[in-house]
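Descriptive analysis of the structure
So the chains spell out like this:
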Amino acid sequence: MGDVIKRNYVDIDGYSDSEIKNKVIRHMILCRYDGVTPKDVIDIYFPNIKTKSERMKIQRTFEKLEKGGIVKSTSLKKDYKKFKYKSWESYEVIVGDKVFENERKVEKKDIRKPNTNKYVLSKSIKLKDKKEYSEDDIKPISLMIGKMLTDKDDYIDYSESLIYLNDYISDKFALQTNFIKNTVSKVGITFINHIKGDKPYPLNLLLSLIQLKSNLNVSIQTDTSKMDLSGVKIESIIFGKKSFDLKFKNTTVTLKDISEIKSIQSFEESDLEKDIEKLKTILSEYSNEVTKPLTDLIDGLIDIKNIFFQ
């Protein structure tokens, strides 16, 4: 019996991982906010796929884009969302020899399952022109987005986790939500500034800051001008064929490359070490099931004292 050959890489009609990623991004832009499944992409672009491993490669591409904030799954997230609702239930009350019907409000779990497996384009990503784009028109835009979405470095993974936490925090912490979002944002910015070196800021980070509604100080240097923006929030990123706009509340800045963003800092001036300690205190009041994604984020920082509080 011959040796078993382990198939580490699936070659789909000669396309690389990067080419598949850009093709998926292109299709998502063409469909705008209509739900798209991996099967849709396979049927249109890769109809000759026959093996499960090849189909899973397309699925994993969608999952990577979701982690990066480019697309959003319309499936229910059973790992951090527990859907419950109130319902009226009839019951009998016996008084002597008589039976009366009464009603009470009870909490029930929603039995929906996370099986829709559809994705929509992030609403933070917009196009400069309102006209209908052809696939050829979209190609340079998808290439630009794909280049900005570098997904092979540790600091990218961190900004991906911030995107996930935005939805999670909104559902759990009521009046403490804004403080927690601000602290998570400050930790993420500080951490990425510490380790990114000469690399540009990742698109993943910009999208997470949009979703967290982070108040920022941003420094930008283009070929023709330098500007320092204080106390601003990025509202969206608007892509064109050769450039993209960062849209703030009262101004829009056009950039040719993400490397023209020279500095992103939190506008909040409170003591980060004290904020983290306060965050830990808040989390201690909730069950581990509720706080795990946030505690994992904090605990996952190696040598937090050395990174943040030198």
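Predicted model only: the values in this text are computed from it and were never measured. (Residues numbered from 1 in each chain as written. Predicted model: local features only at pLDDT ≥ 70, side-chain atom pairs only at ≥ 80, totals over all residues. Heavy atoms only, no water.)

1. Brief notes about the overall build of the protein
Worth spelling out the cut-off: Runs of H or I in DSSP of at least four residues are treated as helices and runs of E of at least two as strands, each being numbered from the N terminus. Buried, partly exposed and exposed residues are distinguished by accessible area as a fraction of the type maximum, computed with a 1.4 Å probe on protein chains only: under 20%, between the cut-offs, and over 50%, respectively. Residues count as neighbours in contact if any of their non-hydrogen atoms are within 4.5 Å of one another. The accessible surface values rely on the Shrake-Rupley method and a 1.4 Å probe; as for residues, cover is taken only from the protein chains in view.
Within the protein, the regular secondary structure consists of ten helices and eleven strands. A total of 310 residues make up the protein; the buried ones form 44% of that total. Counting only contacts in the protein whose residues sit at least 6 apart along the sequence, the fraction spanning at least 24 positions is 69%. For the protein, the exposed surface amounts to about 18300 Å²; the carbon and sulfur share of it is 49%.

2. Describing the sheet that holds strand β6 (residues 216-221)
In plain terms, the rule: Note on pairing: DSSP must find at least two bridges between two strands before they are called paired. Between N-to-C directions, angles span 0 to 180 degrees; the directions come from axes that are lines fitted to C-alpha atoms, helices contributing only their stretch in contact.
In spatial order, the strands read β7-β6-β11; together these three strands make up an open sheet with antiparallel pairing. The two strands at the open ends of the sheet, each matched to only one other strand, are β7 (226-232) and β11 (261-266). Recorded for the sheet is a direction-independent mean angle of 10° between the axes of neighbouring strands. One ladder, built from six bridges, connects β6 with β7; its direction is antiparallel. Bridge pairing in β7 places I220 opposite M227. Contacts between helix α6 (residues 177-195) and the sheet are confined to β6 and β11, with β11 contributing the most and set at about 140° to the helix.

3. Some details on empty space enclosed by the protein
Rolling a probe over the atoms, with the probe sized like a water molecule, indicates the empty space that remains. Note the threshold: In this analysis, the protein atoms alone were mapped onto a 1 Å grid. Cavities are point sets where a 1.4 Å probe fits without being able to get out; pockets are open sets with protein on both sides within 12 Å along at least five of seven lines; lining residues have an atom within 4 Å of a point. Grid points are joined across faces, edges and corners, and a volume is the space filled by probe spheres set on the points. The residue classification treats Ala, Val, Leu, Ile, Met, Phe, Trp, Tyr, Cys and Pro as nonpolar and Asp, Glu, Lys and Arg as charged. All others, Gly included, are polar.
This structure, assessed with the given rule, holds one cavity of 30 Å³ or more. Its volume calculated, the largest cavity comes out at about 30 Å³. Lining of the largest cavity is provided by N182, S185, S214, N215, L216, S266 and E268. Class assignment of the residues belonging to the lining of the largest cavity gives a composition of one nonpolar, five polar and one charged.

4. A look at the nonpolar core
We apply this condition: By nonpolar core we mean a set of buried residues, namely Ala, Val, Leu, Ile, Met, Phe, Trp, Tyr and Cys, connected to one another through side-chain atoms within 4.5 Å.
Counting residues in hydrophobic clusters, the biggest one holds 73 residues, and the most contacted among them are I70, F239 and L246. The element contributing the most residues to this core is helix α7 (residues 203-212), with seven residues.

5. Remarks on the packing of aromatic side chains
Inclusion rule: Here is the rule: rings of Phe, Tyr and Trp (six-membered ring for Trp) pair when centre to centre is within 6.5 Å. Planes less than 30 degrees apart are stacked, more than 60 are edge-to-face, and the remainder are tilted.
Scanning the model with the defined rule gives three aromatic pairs in all. Pairing Y15 with F46 gives two aromatic rings, centres 5.3 Å apart and planes at 90°, and the pair type is edge-to-face. With Y15 in the segment before α1 (17-31) and F46 in the loop between α2 (38-45) and α3 (52-67), the pair connects residues that are 31 residues apart, well separated along the chain. Residue Y15 is classed as partly exposed on the basis of its relative accessible area, which comes to 26%.

6. Here we look at the pairing of β6
Two strands pair when backbone bridges link them, and β6 and β11 are joined in this way by five bridges, in the antiparallel orientation. Along β11, the bridge assignment pairs S219 with S263.

7. Structural notes on the confidence of the model for the protein
Our working rule: Confidence of the predictor in every single residue is expressed as pLDDT, which spans 0 to 100.
Overall, the predicted model of the protein reaches an average pLDDT of 79, with 78% of residues at or above 70. Looking at the elements of the protein, mean pLDDT is at its lowest for helix α10 (residues 304-308), recorded as 54, and at its highest for β6, recorded as 94. Between residues 111-115, whose pLDDT stays under 50, and residues either more than four places distant or in other chains, the model counts six contacts.

8. A look at unusual backbone geometry
Even without glycine at this site, K213 takes up a positive phi of about 55°. Mapping K213 onto the fold places it in the loop between α7 and β6.

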